[in-house]
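Fold and geometry: a report
In case you want the letters, here they are:
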Amino acid sequence: MLIFAMSLLFFLFSNFALSILTYLIHMPITQIQFWVSGALTALFVLLASKIYIKKDYLVLSGIIFALTAVVITASLIVSSFFTDLSYDGQGYHQATIAALDKGWNPLTQNIDGLKGFKSENKLWIDAYPNANDIVVNNIYKVTGNVEMGKAITFILILISWILGFIALLKLKVSKWLAALLITIAVFNPVNVMQIFTFGLDSQFYSLMLILFSLGVLMYMRTHRYITYAGIFITTIMIINNKLTSIAYLGVFIGFICLVILWKKKYKLFFQACGLFLASIVVGVLLFGYHPYVTNYENHKSVLYPIYVNAQVDSVAYDFSENRPSNYVHDNQLDLFVRSIFFEPNGNFSAPQDAAKMRVPFIFSQSELNSFIYLGPKEGGFGVLFSGIITLLVLMAGLMIFLRKTIQANWRDIVIAVAGLAIVLITCIINPLNNVARYIPQLWLIIPIMLWIAWRFKHTAITVLSVLILAIAFINTAMIFNKDFNFNASSAAELSGYLHKLADETKNAPIKVNFSQSEGNQFLLNYYNVKYVEDTGSSVDFTCSGKLVKKRLLDNIGNSTAVMCVDTTMVKNLGL
């Protein structure tokens, strides 16, 4: 299982690594990077099998690689059935993929230097890490369908489950309990909401679970070489996943190293520190040259535009844009606590979108409807999450009262409690801790608390634990049901619409402006819709004569790409 999970992880990393090396030598990205990554993955499986399996390793390595290929293929196919309709997915991530597809080299070229590229989201494309978009571009080069790139999220979720399960077994957790705990940990509502999108928050969460699991295996001295290699590449992938991930990474790496030191494993402590330091240096200076080094070169701030150097850039990212209008000036701790009890709301902060408090376990259908795209701005962990937190607080009180009934090594409990503290601290210090997708690690308090609870031999705590586990699964299932139905119906509606549009444009191409949704060009190209792109600004985009302005996916998604169509076409398409 370990080699299989690592083969999937290695395939994703090698796609990214080969692309970076290609950019360094100023060569174009083609299908070669994808297929060479596959060949390198086969070699990795063969070598790992020879070292750790030995007997019949040729046959077993063949089986593992075949299974890896099947999982990758299945993930690509499943992803193709759903279209990312989120604004971030179409206007930012697919815009980045479009730039890469047109020959943009992020290591040597400012996005403004890419001829004919007019996206209004250039700031995020040029200043944020884009490892995910680079790998998706490789997938697009091979398949011709950009939506298949969402397979990365599926694959990372599977890897995190397998490695988490192995890690829990090494910690002497029973198989059934390990399966329950890792399942509830992996199927975080943020994961579920973003599984049909190009959202990075889900991937970041899965990568952190992978790193934690590998940290446990490192501590247990399990398959040392493959574990160390996994930590090295996972750390690099985390650094190049999200700009803010480097701050989280420092906190969590510190926690892992301190636990090793506390356990008096001094040799392992120095090895771990050296490994993480090497991973960070290589991840930032080589693989993360864009955006970390380029941000510093251009703006004198590694974390631009979230944090700016006032001598170079006077305007930083406005965090209040993602805070409820009635809590803009509240301190972060107060906002964090209150946000757990916010009514789910999918809109941007504005006077009419003020956050509202709600009673745990009481919710409406409209609140449930908020859980589409990347997740609501408030109350984003699900309609039952505030109730789960309430029960967890009650259970914590019972644990303290019944602490003499616990049957566990006190050091393990201290580590678990410290883990809870680290999770909470990283959530509280985040300026946007009211938005669930920016603090996905908060969900980990559920499996950590349940792990502690199962060390008690008391009926009340056992019953409460089972109740919390059941509610957590129901909470996630409700969100998945809402997201799946929405995305499935939207994909079907979109497909029918674009097929009709392709027929209507065979002899008369439409005029389109992609200024805010560069990703829409992938849809039009995939369905063979004939169009002429207007490269002017969205302000200058005009339609004359019988042509009228229509948004490309006005009734289906968040797209703001605009097209000019004649009145007859509007009628024929039912717009």
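Counting restarts for each chain, with residues numbered from 1 along the sequence as it is written. Note on the predicted model: pLDDT of at least 70 is required for a residue's local features to be given, and 80 or more for side-chain atom pairs to be given and counted; whole-chain, interface and lining totals, by contrast, use all residues. The side-chain quantities take in all heavy atoms of the structure and omit both hydrogens and water.

A separate point is the pairing of strand 1 (residues 510-513). Across a regular strand the side chains alternate sides, sitting on one face of the sheet and then on the other. Strand pairing requires that DSSP identify at least two bridges connecting the strands. In DSSP terms, a helix is any run of H or I states spanning at least four residues, a strand is any run of E spanning at least two, and both are numbered starting from the N terminus. Sheet analysis places strand 1 next to strand 2 (residues 531-533), joined by three bridges and oriented parallel. The residue of strand 2 that forms the bridge with K511 is V532. One ladder, built from three bridges, connects strand 1 with strand 4 (residues 562-566); its direction is antiparallel. Its bridge partner being in strand 4, K511 is matched across the sheet by C564.

Grouping into patches uses exposed residues only, defined as over 30% relative accessible area, and leaves out salt-bridged ones; the cut-off is 9 Å for like charges and 5 Å for nonpolar side chains (Val, Leu, Ile, Met, Phe, Trp, Tyr). Note on areas: Shrake-Rupley, 1.4 Å probe, and residue coverage restricted to the protein chains presented here. The working definition used for a salt bridge is a side-chain nitrogen of Lys or Arg within 4 Å of a carboxyl oxygen of Asp or Glu. Together, I32, V36, L40, L43, L46, L47 and L58 give the surface a local cluster of nonpolar side chains, amounting to about 590 Å² of exposed area. Ranked by residue count, the leading element in the nonpolar patch is helix 2 (residues 32-52), at six residues.

As a per-residue measure, pLDDT reflects the predictor's confidence and takes values from 0 up to 100. Per-residue pLDDT for the protein chain averages 85, and the proportion of residues at 70 or more is 94%. Per-element confidence in the protein chain is highest for helix 7 (residues 151-170), whose mean pLDDT is 94, and lowest for helix 22 (residues 567-573), whose mean pLDDT is 71.

What follows deals with the environment of I166. Tracing the chain through its elements places I166 in helix 7. When its relative accessible area of 13% is taken as the criterion, I166 is described as buried. Here the alpha-carbon distance between I166 and L2, two residues 164 residues apart in the chain, equals 7.6 Å. Those residues in contact with I166, other than ones at most four positions away along the chain, are M1, L2 and L217. Exposure classes here rest on a 1.4 Å probe applied to the protein chains alone. A residue is buried below 20% of its type maximum, exposed above 50%, and partly exposed in between. The contact criterion used throughout is that any non-hydrogen atoms of two residues lie within 4.5 Å.

To continue, consider the side chain of N105. With respect to the secondary-structure elements, N105 resides in the loop between helix 4 (87-101) and helix 5 (122-127). Any pair of nitrogen or oxygen atoms within 3.5 Å is treated as a polar contact; in protein, a donor-acceptor pairing is required on top of that, and neighbouring residues in sequence qualify only through side-chain atoms on both sides. Reaching out from N105, the side chain makes a polar contact with the backbone nitrogen of L107 at a distance of 3.0 Å.

For helix 15 (residues 332-339), the full list of buried residues reads L335, F336 and S339. The buried residues of helix 15 all sit within an arc of 100° when viewed along its axis, so they share a single face. Close packing links the buried residues of helix 15 with helix 18 (410-428). Measuring from the side-chain oxygen of the N-cap residue of helix 15 to the backbone nitrogen of L333 gives 3.1 Å; that N-cap residue is N331. Summarising the geometry, the arc corresponds to the directions from the helix axis toward the C-beta atoms.

Note on geometry: axes are C-alpha line fits, over the in-contact stretch for helices, and angles between N-to-C directions span 0 to 180 degrees. The N-to-C vectors of helix 10 (residues 201-219) and helix 12 (residues 245-262) enclose an angle of 20°; their axes lie 11 Å apart at closest approach. Classified by the angle between their axes, helix 10 and helix 12 sit roughly parallel to one another. The two elements helix 10 and helix 12 cross, and the hand of that crossing is right-handed. From helix 10, F204, M208, L211, F212, M218 and Y219 reach across to helix 12, where they touch S245, Y248, L249, F252, F255, I256 and I260. Ten residues, namely Ala, Val, Leu, Ile, Met, Phe, Trp, Tyr, Cys and Pro, are considered nonpolar, four, namely Asp, Glu, Lys and Arg, are considered charged, and the remaining ones, Gly among them, are considered polar. Split into classes, the residues belonging to the contact of helix 10 with helix 12 amount to twelve nonpolar, one polar and no charged. Here is the rule for angles: anything less than 35 degrees is roughly parallel, anything more than 145 is roughly antiparallel, 65 through 115 is roughly perpendicular, and the remaining ranges are oblique. Two helices cross in a left-handed way if the nearer one is turned anticlockwise from the farther one by less than a right angle. They cross in a right-handed way if the turn is clockwise.

As a further point, take a positive patch on the surface. Under this rule, positive means Lys or Arg and negative means Asp or Glu; His and the chain ends count for nothing. Charge positions come from single atoms, namely NZ of Lys, CZ of Arg, CG of Asp or CD of Glu. On the surface, R221, R224, K265 and K267 cluster together into a patch of positive charge. With respect to the helices, strands and loops of the structure, R224 is situated in helix 11 (residues 224-239). Residue classification places R224 among the partly exposed residues on the basis of a relative accessible area of 34%.

Quick look at the side chain of N188 now. Mapped onto the elements, N188 comes out in the loop between helix 8 (175-186) and helix 9 (189-194). A distance of 2.8 Å separates a polar side-chain atom of N188 from the backbone nitrogen of V190. N188 has contacts with Y205, F381, P440 and W443, leaving out every residue within four places of it along the chain.

Moving on to the packing of aromatic side chains. Think of it this way: a Phe, Tyr or Trp ring, Trp meaning its six-membered ring, pairs with another when their centres are within 6.5 Å, and the plane angle makes it stacked under 30 degrees, edge-to-face over 60, tilted otherwise. Evaluation of the coordinates by the stated rule reveals 22 aromatic pairs. Here W124 and Y128 contribute two aromatic rings whose centre-to-centre distance is 5.4 Å and whose plane-to-plane angle is 50°, an arrangement assigned as tilted. The partly exposed category is assigned to W124, whose relative accessible area is 24%. Taking the relative accessible area as the measure of exposure, Y128 reaches 17% and is therefore buried. One aromatic cluster is present, formed by F82, F196, F480 and F484 through successive ring pairs. Sitting over the face of the ring of Y219, K265 holds its NZ or CZ atom 5.0 Å from the ring centroid. The criterion is that NZ of a Lys, or CZ of an Arg, lies within 6 Å of the ring centre and within 35 degrees of the ring normal, and then a charge sits over that ring.

Moving on, we come to unusual backbone geometry. In this structure, P291 follows H290 across a cis peptide bond, with omega equal to 15°. One can find P291 in helix 14 (residues 289-299). One non-glycine residue with positive phi stands out, namely H26, at about 60°. Following the sequence through the fold, H26 ends up in the loop between helix 1 (2-24) and helix 2. Assessed through its relative accessible area of 56%, H26 is described here as exposed.

Right, let's talk about the packing of helix 2 against helix 3 (residues 57-80) for a bit. It is the contact of helix 2 with helix 3, at a shortest axis distance of 9 Å, that shows an interaxial angle of 140°. Viewed along their axes, helix 2 and helix 3 adopt a mutual orientation that is oblique. The handedness of the crossing between helix 2 and helix 3 is right-handed. Each of G38, T41, A42, V45, L46, S49 and K50 in helix 2 lies in contact with helix 3, whose residues at this interface are Y57, L58, S61, I64 and F65. The residue inventory of the contact of helix 2 with helix 3, partitioned by class, reads seven nonpolar, four polar and one charged.

This part takes up the nonpolar core. As used here, the term nonpolar core means buried Ala, Val, Leu, Ile, Met, Phe, Trp, Tyr and Cys residues forming a set that is joined through side-chain atoms within 4.5 Å. In this structure, I159, M218, F276, L392, M395, I446 and I468 are the most contacted members of the largest nonpolar core, which totals 154 residues. Among all residues touching F276, those that are not within four sequence positions of it are L211, M218, I231, T235, I253, I256 and C257. In this structure, L523, L552, M563 and V570 belong to the second largest nonpolar core, which totals 20 residues.

With respect to the helices, strands and loops of the structure, L60 is situated in helix 3. For L60, a relative accessible area of 33% gives the class partly exposed. Residues L60 and K511, 451 residues apart in the sequence, show an inter-C-alpha distance of 55 Å. When residues no more than four places from it in sequence are discounted, the contact partners of L60 are I53 and K55.

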